[in-house]
Amino acid sequence: MSKAIAGFSKLTKQEKINWIANEYFTNPAVAVSLLKKYWNNDENLQKLHDEFIENTITNFYLPLGVCPNFNINGREYTIPMAIEESSVVAAASKAAKFWAQRGGFKTMILGTEKIGQVHFIYKGDKQKLIAFFNTIKPKFFSETESITKNMQKRGGGITDIELRDKTESLDNYYQLHATFETKDSMGANFINSCLEQFSKTLKSEALQYTDFTEEEKNIETVMSILSNYVPNCVVRAEVSCPVADLNEGNNIDPQEFAEKFVTAVKIAEIEPFRAVTHNKGVMNGIDAVVVATGNDFRAVEAGVHAYASKNGTYSSLSHAKIENGIFTFWMDVPLALGTVGGLTTLHPLVKFSLEMLGNPTAKELMQIVAAAGLAQNFAALRSLTTTGIQQGHMKMHLMNILNQLEANESEKLQTVKHFEQNTVTHAAVVDFIKDLRKATASNIETDIL
Ligand code: MEV
């Protein structure tokens, strides 16, 4: 039986839910009741969430955790993180505390340039196109004035527009490559609106340009869209301390630890298989804060991984060295973030997160996010090069296993206590719970007898 449906988006929320429940679930009533369990009692709040996207049927929760003790450029932050992975918040918090006692995170903005392109096809004389572009370039600015006026008041706007010849890679393909300063907004809507106007200006001016032949006049714009690759919208985060101070929490000699750590980073610099996982650890921290602050984590992810490949091979985002007895660990990372517009003013928990961070500017948020990414990377490498990742990871994962086994509060307490001294594995937890339950059952039997 086909499950295709016409006009689904026109149905009411209840009708959509009923259709899904009846089509896909053996017990529709259970499915409906599950969806409703996640609705918010506050109707206005629920409506707000319903309207974020199309066809909303319920809310999908992610935990919002916090990492206190982040010292960034001498200022204390408690950083919000929205993430499902058990160990991330604990690891970042631990790293934050560790570095707070060693001078904290030092961060700086290296650039805030955003990019957008109009991709177009021009069949004709390249020199004529260059002359045309130079003649009409001021029009790109004047004809976007209504869009750029407010941004200019805030100190932003279009910073430059270039004509780029890409015909060596694709026949007749050129670009308007534009750069933007979008201040505290991420800028996607602003940039895309400017680009769509550039496209109109380009086409209409070409039609009137008397030096063009009829074919040359017919410029075909293929698309106008911002680029999520922002290699000049970059923030640096760094931590450093004397090697001798790297001595907390592991029974390993600080010099040995520092050298092993630097080698681990060097492996990620030269080995893409490791680099991807290494950078995934960075993104554990970055994405969690990006989500909590209502920013676009897909854009950030795409841009960061492109940046990690900028020298032709996918490589580590972070770097480490030991020089004159000082251990330094740092990272440059492209982050196109906003603290105004979009979800930042709509989602109550995003507003909460931003207020907790002191309502940062976009530049400040870039620095906070980068520090969270570096902290996470440090925590992962410290575990990997000392105890191994599973010890901490499985300790945090223990609660997930207990929830899967539907453990009650008393079982949870006893299991957590037991595994303070024992290695957590899925099988070991299952066995422990089985034994606990057997013991409880036989106690009950004895009581009855
Ligand atoms: C797991 O989410 C992240 C790590 O794999 C990162 C790393 O290997 O560096 C632990």
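An unreviewed UniProt entry lists the chain under the name 3-hydroxy-3-methylglutaryl coenzyme A reductase, from Flavobacterium beibuense F44-8. Per UniProt, the comment on the chain under Pathway (unreviewed entry) is "Metabolic intermediate metabolism; (R)-mevalonate degradation; (S)-3-hydroxy-3-methylglutaryl-CoA from (R)-mevalonate: step 1/1." In its Sequence similarities (unreviewed entry) section, UniProt records this for the chain: "Belongs to the HMG-CoA reductase family."

Focus on the overall build of the chain
For the chain, the count of helices and strands is 16 helices and ten strands. Overall, the C-alpha framework of the chain stretches about 105 × 70 × 40 Å when taken along its three principal axes. Expressed as a percentage of its 449 residues, the buried residues of the chain come to 43%. Contacts spanning at least 24 positions in sequence make up 71% of the contacts within the chain whose residues lie at least 6 apart. Of the roughly 23,500 Å² that the chain leaves accessible, carbon and sulfur atoms contribute 53%. Averaging the locations of the 44 positively and 51 negatively charged side chains of the chain gives two centres separated by 2 Å.

A look at unusual backbone geometry
Here the phi dihedral of N55 falls at roughly 60 degrees; this positive angle occurs in a residue that is not glycine. Counting through the fold element by element, N55 comes out in the loop between α3 (43-50) and β1 (64-72). For N55, a relative accessible area of 32% puts it in the partly exposed group. Positive phi, normally seen in glycine, also occurs at N73, with a value near 50 degrees. Its place among the elements puts N73 in the loop between β1 and β2 (75-82).

Here we look at the packing of helix α6 (residues 145-153) against helix α7 (residues 188-208)
Pairs of packed helices are described in terms of their axes, by the angle between the two and the distance that separates them. Packing of α6 against α7 leaves a shortest axis separation of 10 Å and a crossing angle of 145 degrees. Regarding α6 and α7, the two cross each other, and that crossing is left-handed. Here I147, T148 and M151 of α6 lie close against α7, whose contacting residues are F190, S193, C194 and Q197. Taken together, the residues of the contact of α6 with α7 break down into four nonpolar, three polar and no charged.

Considerations on the domain arrangement of the chain
Assigned domains within the chain: domain 1 (8-50), domain 2 (65-110 + 234-387), domain 3 (114-227) and domain 4 (394-448). If you average the C-alpha positions of domain 1 and of domain 4, the two centres end up 35 Å apart.

What about the site of the ligand?
Neighbouring residues of the ligand: E85, R274, T277, H278, K280, G281, N284, A380, L384 and I389. Taking E85, its side chain carries an N or O atom lying 2.6 Å from an oxygen atom of the ligand. One can see that the ligand is located within the second largest pocket. Listed by contribution, the elements that provide at least two residues to the shell around the ligand are α10 (272-292) and α13 (362-385).

Regarding empty space enclosed by the protein
Counted by the stated rule, this structure contains two cavities of 30 Å³ or more. The wall of the largest cavity is formed by K114, I115, M186, I191, L226, S227, N228, V230 and A336. Counting only elements with at least two residues in the lining of the largest cavity, the list comes to β4 (114-121) and β7 (220-227). Tallied by class, residues from the lining of the largest cavity come to six nonpolar, two polar and one charged. One number sums up the size of the second largest cavity: a volume of about 30 Å³. Contributing to the lining of the second largest cavity are N228, V230, A299, V300, P334, L335 and A336. For the lining of the second largest cavity, the class distribution of residues is six nonpolar, one polar and no charged.

Digging into the sheet that holds strand β9 (residues 318-323)
On the basis of which strands lie adjacent, the open sheet formed by four strands has the order β3-β8-β10-β9 and antiparallel pairing. Edge positions in the sheet fall to β3 (106-109) and β9, since each has one partner strand and no second. Neighbour-to-neighbour, the strand axes of the sheet open up by a mean angle of 20 degrees, direction not taken into account. Of the pairings in the sheet, the one linking β3 to strand β8 (residues 234-242) comprises four bridges and is antiparallel in character.

Considerations on the state of the cysteines
Across all of its chains, the model carries zero disulfides by this definition. Sulfur of C194: no disulfide; nearest cysteine sulfur belongs to C233 and is 16 Å away. By relative accessible area, which is 0% here, C194 ends up buried.

Quick notes on the packing of aromatic side chains
Centre-to-centre distance and the angle between the planes together describe a pair of aromatic rings. Counted by the stated rule, this structure contains 23 aromatic pairs. Ring centres of W99 and F327 lie 6.3 Å apart, and the angle between their planes is 15 degrees; this geometry places the pair in the stacked category. Residue W99 is located in helix α4 (residues 88-100), and its partner F327 is located in strand β10 (residues 326-334); the two are separated by 228 residues in the primary sequence. Each of the two residues, W99 as well as F327, counts as buried. For the ring pair F133 and F140, a centre distance of 6.1 Å and an interplane angle of 35 degrees mean the geometry is tilted. Both residues of the pair, F133 and F140, count as buried. Of the aromatic side chains, those joined through ring pairs into one cluster are F98, W99, F257, F261, F327, F329 and F378. Above the ring of W330, the side-chain terminus of K321 is found at 5.4 Å from the ring centroid. The ring of F98 has R382 sitting right over it, with the charged end atom 4.6 Å from the ring centre.

Cut-offs applied
- Residues numbered from 1 in each chain as written.
- Predicted model: local features only at pLDDT ≥ 70, side-chain atom pairs only at ≥ 80, totals over all residues.
- Heavy atoms only, no water.
- UniProt positions renumbered as here; feature names shortened; annotations may be inferred.
- Helix = DSSP H or I, 4+ residues; strand = E, 2+ residues; numbered from the N terminus.
- Buried < 20%, exposed > 50% of the residue type's maximum accessible area, 1.4 Å probe, protein only.
- Contact = heavy atoms within 4.5 Å.
- Areas by Shrake-Rupley, 256 points an atom, 1.4 Å probe, with all protein chains shown as cover.
- Lys, Arg positive; Asp, Glu negative; His and termini not counted.
- Charge placed at Lys NZ, Arg CZ, Asp CG, Glu CD.
- Axes fitted to C-alpha atoms, helices over the stretch in contact; angles between N-to-C directions.
- Left-handed = near helix turned anticlockwise from the far one by under 90°.
- Nonpolar A, V, L, I, M, F, W, Y, C, P; charged D, E, K, R; others polar.
- Domains from an automatic or database assignment.
- Near = heavy atom within 4 Å.
- Polar contact = N/O pair within 3.5 Å; in protein donor to acceptor, adjacent residues only side chain to side chain.
- 1 Å grid on protein atoms, 1.4 Å probe; cavity = no way out; pocket = protein on both sides within 12 Å on 5 of 7 lines; lining within 4 Å.
- Sits in = over half its atoms within 2 Å of the grid points.
- Points joined across faces, edges and corners; volume = space filled by probe spheres on them.
- Pairing = 2+ DSSP bridges.
- Disulfide = S-S within 2.5 Å.
- Phe/Tyr/Trp six-rings, centres within 6.5 Å; stacked < 30°, edge-to-face > 60°.
- Lys NZ or Arg CZ within 6 Å of the ring centre and 35° of its normal.

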